[in-house]
Amino acid sequence: MIRLKALKNTIWIFCVQMMIGCIAIYVCDKIMALCGMGIYVGINAFTVLFTGIFGIPGVGMLFVAVGILQMAFF
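**Q** Explain the overall build of the protein chain to me, using residue names and the numbers behind them.
**A** Of regular secondary structure, the protein chain possesses three helices and zero strands. In terms of overall dimensions, the protein chain is more spread out than a globule: its C-alpha atoms have a radius of gyration of 15 Å, far above the 11 Å expected for 74 residues. The dimensions of the protein chain, computed from C-alpha atoms along their principal axes, are 55 × 25 × 15 Å. Considering the protein chain as a whole, with its 74 residues, one finds that 28% of them fall into the buried category. Contacts spanning at least 24 positions in sequence make up 58% of the contacts within the protein chain whose residues lie at least 6 apart. As displayed, the protein chain has an accessible area near 5600 Å², and 79% of this comes from carbon and sulfur atoms.

**Q** Explain helix H1 (residues 2-34) to me, and be specific about the residues and the numbers.
**A** The first and last C-alpha atoms of H1 sit 48 Å apart over 33 residues, in line with the 48 Å expected at 1.5 Å per residue. Here H1 has its buried residues at Gly21, Cys22, Ala24, Ile25, Asp29 and Met32. Looking one or two residues beyond H1, the residue adopting positive phi is Gly36, at roughly 85 degrees.

**Q** If you had to explain a nonpolar patch on the surface to someone new, which residues and values would you point to?
**A** A cluster of nonpolar residues, Ile23, Tyr26, Val27, Ile31 and Ile43, forms a patch on the protein surface that exposes about 480 Å² of accessible area. Mapping Ile31 onto the fold places it in helix H1.

**Q** Tell me what's going on with helix H3 (residues 56-73), and back it up with residues and numbers.
**A** Under the 1.5 Å per step criterion, the end-to-end length of H3 is 26 Å for 18 residues, consistent within 8% with the ideal 26 Å. Residues Gly58, Val59, Leu62, Phe63, Val66 and Gly67 constitute the buried set of H3. Buried residues belonging to H3 abut H1 and helix H2 (45-54).

**Q** Describe the packing of aromatic side chains, naming the residues involved and giving the relevant values.
**A** A complete count under the given rule lists two aromatic pairs for this structure. Ring pairs connect the aromatic residues Phe46, Phe50 and Phe54, which therefore count as one cluster.

**Q** Could you give an account of the side chain of Thr51, with specific residues and numbers?
**A** Along the polypeptide, Thr51 turns up in helix H2. On the accessibility criterion, Thr51 (0% relative accessible area) is buried.

**Q** I'd love a proper account of the packing of H1 against H3, names of residues and values included.
**A** Two numbers describe how H1 lies on H3: the axes approach to 9 Å, and their chain directions differ by 40 degrees. In terms of crossing hand, the pair formed by H1 and H3 is right-handed. Mapping the contact onto sequence places Ile20, Gly21, Ala24, Ile25, Cys28, Asp29 and Met32 in H1 and Ile56, Val59, Leu62 and Phe63 in H3. Within the contact of H1 with H3, the residues separate by chemical class into nine nonpolar, one polar and one charged.

The rules behind the values
Residues numbered from 1 in each chain as written. Predicted model: local features only at pLDDT ≥ 70, side-chain atom pairs only at ≥ 80, totals over all residues. Heavy atoms only, no water. Helix = DSSP H or I, 4+ residues; strand = E, 2+ residues; numbered from the N terminus. Rg over C-alpha atoms; globule rule 2.2 N^0.38 Å. Buried < 20%, exposed > 50% of the residue type's maximum accessible area, 1.4 Å probe, protein only. Contact = heavy atoms within 4.5 Å. Areas by Shrake-Rupley, 256 points an atom, 1.4 Å probe, with all protein chains shown as cover. Expected span 1.5 Å × (residues − 1). Patch = residues over 30% accessible without salt bridge, like charges linked within 9 Å, V, L, I, M, F, W, Y side chains within 5 Å. Salt bridge = Lys/Arg side-chain N within 4 Å of Asp/Glu carboxyl O. Phe/Tyr/Trp six-rings, centres within 6.5 Å; stacked < 30°, edge-to-face > 60°. Axes fitted to C-alpha atoms, helices over the stretch in contact; angles between N-to-C directions. Left-handed = near helix turned anticlockwise from the far one by under 90°. Nonpolar A, V, L, I, M, F, W, Y, C, P; charged D, E, K, R; others polar.

In structure tokens, the structure reads:
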């Protein structure tokens, strides 16, 4: 019973982090578009999974990775 409760809590935290991460990506994309920056992280299965695992720091890592890739290739 205790393990089931711990698993339920872990899944709940993962889902909450996914939702907050999606909202954070959306808001950051809009803010960067308004500022004229060309950094855009779309919401897809990879980014949702990444933010579900890493949370808000994962959102930051995604934006840093996209920014570095844009500087390197464009």
